[in-house]
Amino acid sequence: QVQVVESGGGLVQPGGSLRLSCAASGFTFSSATMRWYRQAPGKEREFVAFVSNTGYTTTYPDSVKGRFTISRDNAKNTVYLQMSSLKPEDTAVYYCNAYVGTKNYWGQGTQVTVSS
């Protein structure tokens, strides 16, 4: 019943841009805080971005700050990750996470490859 589905991944050249989407259903989206994580082969899963339930507050690690922007549209039950100035080290599977109450929901991930 609960669904979290990422989309928008693909191949992009260094310096390029890409926008990921995460569509959610089966819970009260407007009550959920949303996060993006990524995981490269052989690496630990890494926190990428946070947005509050209202969309007013955002948080980023230094590795992506100034290049990535998280946003949400509660009317569409969707969270976005706008990625700019992409680097090869951004290559990873990107996962969307929803936290509501005491529950965590994860999507299946979408592959982002930054290469020339």
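Described below are features of the structure shown in this document. All figures in this text were calculated on a predicted structure; none of them were measured in a lab. (Residues numbered from 1 in each chain as written. Predicted model: local features only at pLDDT ≥ 70, side-chain atom pairs only at ≥ 80, totals over all residues. Heavy atoms only, no water.)

### A few points about the pairing of strand 8 (residues 78-83)
- Among the six residues in strand 8, five count as buried, and that is most of the element.
- In the sheet, strand 3 (residues 18-25) pairs with strand 8 via six bridges, with the strands oriented antiparallel. By the bridge assignment for strand 8, L18 is matched with M83.
- Sheet topology places strand 7 (residues 68-73) next to strand 8; six bridges connect them, and they run antiparallel. Its bridge partner lying in strand 8, F68 is registered against M83. (Buried < 20%, exposed > 50% of the residue type's maximum accessible area, 1.4 Å probe, protein only. Helix = DSSP H or I, 4+ residues; strand = E, 2+ residues; numbered from the N terminus. Pairing = 2+ DSSP bridges.)

### Some points on the state of the cysteines
- Following the criterion strictly, the structure yields one disulfide and no others.
- The partner cysteine of C22 in its disulfide is C96, sulfur to sulfur 2.0 Å. On the S-S bond that ties C22 to C96, the torsion sits near -85°, and the link is left-handed. One end of the pair, C22, is in strand 3; the other, C96, is in strand 9 (residues 92-100), with 74 residues separating them in the sequence. (Disulfide = S-S within 2.5 Å.)

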